[in-house]
Amino acid sequence: MGQTLVEKIIAAHLVDDGNGRGAPAPVRPGDLVEVSVDVVMANDITAPLAIRAFEALTGSTPENGGRVFDPDRVLLVPSHFVPAKDIKSAEQVKTLRRFAQAQALTHRFTPGRAGIEHVILPDMGLVLPGDLVIGGDSHTCTYGAVGALATGMGSTDIGVAMATGRTWLRVPETIRFVYEGTLRPWVGGKDLILYTIGQIGVGGARYKAMEFTGPAIAQLDMANRFTMVNMVIEAGGKCGFIPVDKTTLAYVEARATRPYTVYQADEDAHYAAVYRWDVSDLEPQVALPYSPGNVLPISQVGTVKPDQVFIGSCTNGRLEDLAQVMAVLERAGRAFHPDLQVVVIPGSQAIYLEALRRGWIERLAEAGATITAGTCGPCLGGYFGILGAGQVGVSTSNRNFRGRMGHREAQVYLVNPAVAAATAILGRLAHPDEV
Amino acid sequence: MARSPSRPLEGRVWRYGDNVDTDVIIPARYLNVSDPAQLAVHCLEDLDPAFARQVQPGDIVVAGENFGAGSSREHAPLALKAAGVGCIIARSFARIFYRNAINIGLPILECPQAVEETETGDVLTVDLEAGTITNHRTGRTYQAPPFPPFVMEIIRAGGLVPYTRRRMQEGAR
């Protein structure tokens, strides 16, 4: 029987299929296997615990033999609370930097020169097709957009993998999604994934891989693909994929400095379920408080008057997302609404610089935005735009659980960047066509 | 410190619903520390402000579908464990939370039937090795599906680090 993408990538990384066989040996859903990993990642929140686990396992110092399995492949990225939002956050970054230094890790990431891990790792060619990537962050699934098997794990798993270069996995079933038709203007990857989560629920893909296919997917640029696969976790998914095609290869080829392998699912692979949707009439989607699964088309949401609009995050902090914002701002020909606050955070320094060169940062600042770069900021309630009791945020990020972005009585609506921009201009949740 | 899973747990229930997410288990505003004792103080505060104040060592959290949805933060099961929670029983767990709980030695079981008939304040006896849950109020015993043997070994070792250390010492490759 044919194999799904996830089965193929696991099979290629097998150390032990549970019966003593290593790669290559076919695997089936439900198998508990040990695999080698190509990349292990953590950030400033998850690295301290991972380092603690690593040191407990290896007996601490590099002198004691406590070395990471491969200094080229352990990536520690300060992103969440940086530049340090308080003393405790500074201590966490110190721990991360001290370890990176002691282990002589090849790649160092410093605020002002790097950015959010899920934005910069693919952009730097550090995650590639066919890779098996584990990261101490649930949005590690983002790299499935370049055809990697990428999944989030907790710090102890990450710490152990930093030492051994291996992890254990249960082979998941796969759900295939086929998106037919052509997307309308202002509708993109964010709307497709919000629609999907709304349809199957926040546990709908629990323990499963998600494959996104079909003509509407093939039309997506890489930024929209990253957006979509980024939120696989919000449906409970273990990992997600968009099949590698010309668009992916053009992106990867410009960035890869090591060999990679492109896998494709077999025609006769077995899927736990197949969903087929024509998305030609799909409107921009909105996730209402307090769940990414509480999704409605924008025309059904009613009046929402936000105190803040946030544009950024690993979901929608890329140059193409800013381009959408700029297109709406151009249409408007005026500034953001004076009754609300707008926060814009390009996902990396490189994106920030390119936006500067294009004159976008000046336009955004003139329109009234507060701007920084390369950090998660308010997405998870860190800093740089926290919401108080009763405040309302419209955001291009990925979660709106209670207390996510500040007070438990704050409310967050999740949208695509164009809708965020239209909302910021009109002072209420709005479709770009209304501008 | 690894507690032997062969000794049954007994505790009082805190009952919650579906999709208890990692943001309510431990909000990110507290993730500038990784000390479990400091996290425990804020555990579940946006869902149930009484929990952190009133939870007793050995209490059992019982919840619906997809417990632990959302983030990979290991601080979530760490906060629950440090707050004194002896075991979590849910209809189902989000997969990263499930792994994290096992990795840090926080016992968990999936048992929809037990969850269905359990209320806040009930006292349960849990035998992790046998996978059984007994509700003292209903007098009923429920059977959770067994862990895969390899996962049971991690649980018996007290978590992933002691399990892996043992494997490395045994030269298992």
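Because the structure is a prediction, the values reported are computed rather than measured.

Cut-off values and rules
Residues numbered from 1 in each chain as written. Chains lettered and ligands numbered in written order. Predicted model: local features only at pLDDT ≥ 70, side-chain atom pairs only at ≥ 80, totals over all residues. Helix = DSSP H or I, 4+ residues; strand = E, 2+ residues; numbered from the N terminus. Buried ≥ 20, exposed ≤ 12 C-beta atoms within 10 Å, placed from the backbone. Contact = placed C-beta atoms within 7 Å. Rg over C-alpha atoms; globule rule 2.2 N^0.38 Å. Pairing = 2+ DSSP bridges. Axes fitted to C-alpha atoms, helices over the stretch in contact; angles between N-to-C directions. Parallel < 35°, antiparallel > 145°, perpendicular 65-115°, else oblique. Left-handed = near helix turned anticlockwise from the far one by under 90°. Nonpolar A, V, L, I, M, F, W, Y, C, P; charged D, E, K, R; others polar. Arc of directions from axis to C-beta. Core = buried A, V, L, I, M, F, W, Y, C linked by C-beta atoms within 7 Å. Domains from an automatic or database assignment. pLDDT = per-residue confidence, 0-100. Expected span 1.5 Å × (residues − 1).

A word on the overall build of chain A
Then comes step 1: Secondary structure summary: chain A contains 14 helices and 18 strands in total.
Then comes step 2: For the C-alpha atoms alone, the extent of chain A along its principal axes is close to 65 × 50 × 40 Å.
Then comes step 3: Per-residue burial over chain A gives 60% buried out of 435 residues.
Then comes step 4: The contacts in chain A between residues at least 6 apart in sequence include a share of 75% that link residues at least 24 apart.

Re the overall build of chain B
Then comes step 1: In terms of helices and strands, chain B carries eight helices and seven strands.
Then comes step 2: Here the C-alpha radius of gyration of chain B, 15 Å, is about what a compact globule of 173 residues would show, namely 16 Å.
Then comes step 3: C-alpha atoms of chain B, sized along the principal axes, occupy 45 × 40 × 25 Å.
Then comes step 4: Evaluated residue by residue, chain B yields a buried proportion of 49% over its 173 residues.
Then comes step 5: Pairs at least 24 apart in sequence give 67% of the contacts found in chain B among residues at least 6 apart.

Quick word on the pairing of strand β5 (residues 123–127) of chain B
All names here are of chain B.
Then comes step 1: Along β5, the buried face is formed by L124 and V126; none of V123, T125 and D127, which line the opposite face, is buried.
Then comes step 2: As paired strands, strand β1 (residues 9–15) and β5 are joined by four bridges and run antiparallel to one another. The partner of G11 across the bridge, within β5, is L124.
Then comes step 3: In this structure, β5 lies alongside strand β6 (residues 132–135), joined through four bridges in antiparallel fashion. In the strand pairing of β6, L124 is matched with N135.
Then comes step 4: Counted between consecutive antiparallel strands, the loop separating β5 from β6 contains four residues, among which G131 sits at a positive phi close to 75°.

Focus on the packing of helix α6 (residues 189–200) of chain A against helix α8 (residues 222–230) of chain A
Residues and elements named next belong to chain A.
Then comes step 1: For the pair α6 and α8, the least separation of the axes is 7 Å and the interaxial angle reads 20°. On the basis of the axis angle, α6 is roughly parallel to α8. For α6 against α8, the interelement crossing comes out right-handed. Seen from α6, the contacting residues are G189, K190, L192 and I193; seen from α8, they are N224, R225, T227 and M228.
Then comes step 2: Of the residues assigned to the contact of α6 with α8, the class counts are three nonpolar, three polar and two charged.

Points about the sheet that holds strand β1 (residues 14–16) of chain A
Residues and elements named next belong to chain A.
Then comes step 1: Ordered by their spatial adjacency, three strands build an open sheet running β1-β2-β7, and the pairing between neighbours is antiparallel. Among the strands making up the open sheet, the edge pair consists of β1 and β7 (166–170). The mean angle between the axes of side-by-side strands here comes to 45°, regardless of whether they run parallel or antiparallel.
Then comes step 2: In this structure, strand β2 (residues 32–36) lies alongside β7, joined through five bridges in antiparallel fashion.

As for the interface of chain A and chain B
Then comes step 1: In this complex, chain A contributes 39 residues to the contact, which on the side of chain B involves 34 residues.
Then comes step 2: Breaking the side of chain A that touches chain B down by element, the ones donating at least two residues are α2 (47–58), α3 (87–102) and α5 (155–164) of chain A.
Then comes step 3: A per-element tally of the side of chain A that touches chain B places α2(A) first, with five residues.

Comments concerning the pairing of strand β4 (residues 74–77) of chain A
All names here are of chain A.
Then comes step 1: Judged by which residues are buried, β4 turns out to be covered on both faces: V74 and L76 on one side and L75 and V77 on the other are all buried.
Then comes step 2: In this sheet, β4 lies alongside strand β3 (residues 39–43) in parallel orientation, the contact comprising four bridges. Following the sheet pairing, M41 is matched in β4 by L75.

A few points about helix α13 (residues 360–367) of chain A
Residue and element names in this part refer to chain A.
Then comes step 1: When α13 is considered as a whole, its buried residues turn out to be W360, I361, L364 and A367. For α13, the arc enclosing every buried residue in end-on projection is 125°, short of the 170-degree limit, so these residues lie on one face. Facing away from the buried surface of α13 by more than 90 degrees, the exposed residues are E362, A365 and E366.
Then comes step 2: G368, located one to two residues past α13, shows a positive phi value of around 115°.

Looking at the nonpolar core
Then comes step 1: In this structure, I10(A), L76(A), V127(A), V133(A), L80(B), I88(B) and I89(B) are the most contacted members of the largest nonpolar core, which totals 206 residues.
Then comes step 2: Counting the residues that make up this core, at least three belong to each of domain 1 (1–282) and domain 2 (285–434) of chain A.
Then comes step 3: When sequence neighbours within four positions are dropped, the list of residues in contact with I10(A) reads V27(A), V33(A), V35(A), L149(A), L169(A) and V171(A).

Remarks on the sheet that holds strand β7 (residues 141–143) of chain B
All names here are of chain B.
Then comes step 1: As summarised here, the arrangement of the seven strands in space is β4-β3-β2-β1-β5-β6-β7, forming an open sheet in which the pairing is mixed. Edge positions in the open sheet fall to β4 (108–110) and β7, since each of these has one partner strand only. This sheet shows a mean twist of 30° between the axes of neighbouring strands, independent of strand direction.
Then comes step 2: Bridge count between β6 and β7: three bridges; the pairing is antiparallel. Its bridge partner being in β7, T134 is matched across the sheet by T141.

As for the confidence of the model for chain B
Residues shown with low pLDDT carry predicted positions that ought not to be read at fine detail.
Then comes step 1: Scored by pLDDT, chain B comes out at a mean of 94, with 95% of its residues at no less than 70.
Then comes step 2: Reported confidence for the predicted complex is 0.94 by ipTM and 0.96 by pTM.

Focus: the domain arrangement of chain A
Residue and element names in this part refer to chain A.
Then comes step 1: The domain boundaries assigned to chain A delineate domain 1 (1–282) and domain 2 (285–434).
Then comes step 2: The straight-line distance from the C-alpha centre of domain 1 to that of domain 2 is 25 Å.
Then comes step 3: Across the boundary between the two partners, domain 1 contributes 34 residues, which contact 30 residues of domain 2.
Then comes step 4: Elements that contribute at least two residues to the side of domain 1 that touches domain 2 include exactly α4 (117–123), α6 and α8.
Then comes step 5: The dominant element in the side of domain 1 that touches domain 2, judged by the number of residues it contributes, is α6, at six residues.

Description of the environment of F81(A)
Then comes step 1: As for its position among the elements, F81(A) is in the loop between β4 and α3.
Then comes step 2: A count of 27 C-beta atoms within 10 Å places F81(A) in the buried class.
Then comes step 3: Distance from F81(A) to G188(A), taken between C-alpha atoms, is 29 Å for residues 107 residues apart in sequence.
Then comes step 4: Aside from chain neighbours lying at most four places away, what touches F81(A) is D44(A), S89(A), G382(A), Y383(A) and N32(B).

Section: the environment of T167(A)
Residues and elements named next belong to chain A.
Then comes step 1: With respect to the helices and strands, the residue T167 is situated in strand β7.
Then comes step 2: Note: C-alpha distance between T167 and V33 (134 residues apart in sequence) is 8.5 Å.
Then comes step 3: Contact partners of T167, with chain neighbours within four places excluded, come to V35, V37, I134, D157 and A161.

Some details on α3(A)
Residues and elements named next belong to chain A.
Then comes step 1: The end-to-end C-alpha distance of α3 is 22 Å, a good match for the 22 Å that 16 residues give at a rise of 1.5 Å each.
Then comes step 2: Every buried residue of α3 is listed here: S89, Q92, V93, L96, F99 and A100. Projected down its long axis, α3 carries its buried residues within an arc of 125°, all on one side. Among the exposed residues of α3, those oriented more than 90 degrees off its buried face are I87, R98 and Q101.
Then comes step 3: Close packing links the buried residues of α3 with α2 and β4.
Then comes step 4: Phi turns positive one or two residues past the end of α3, at A104, with a value near 50°.

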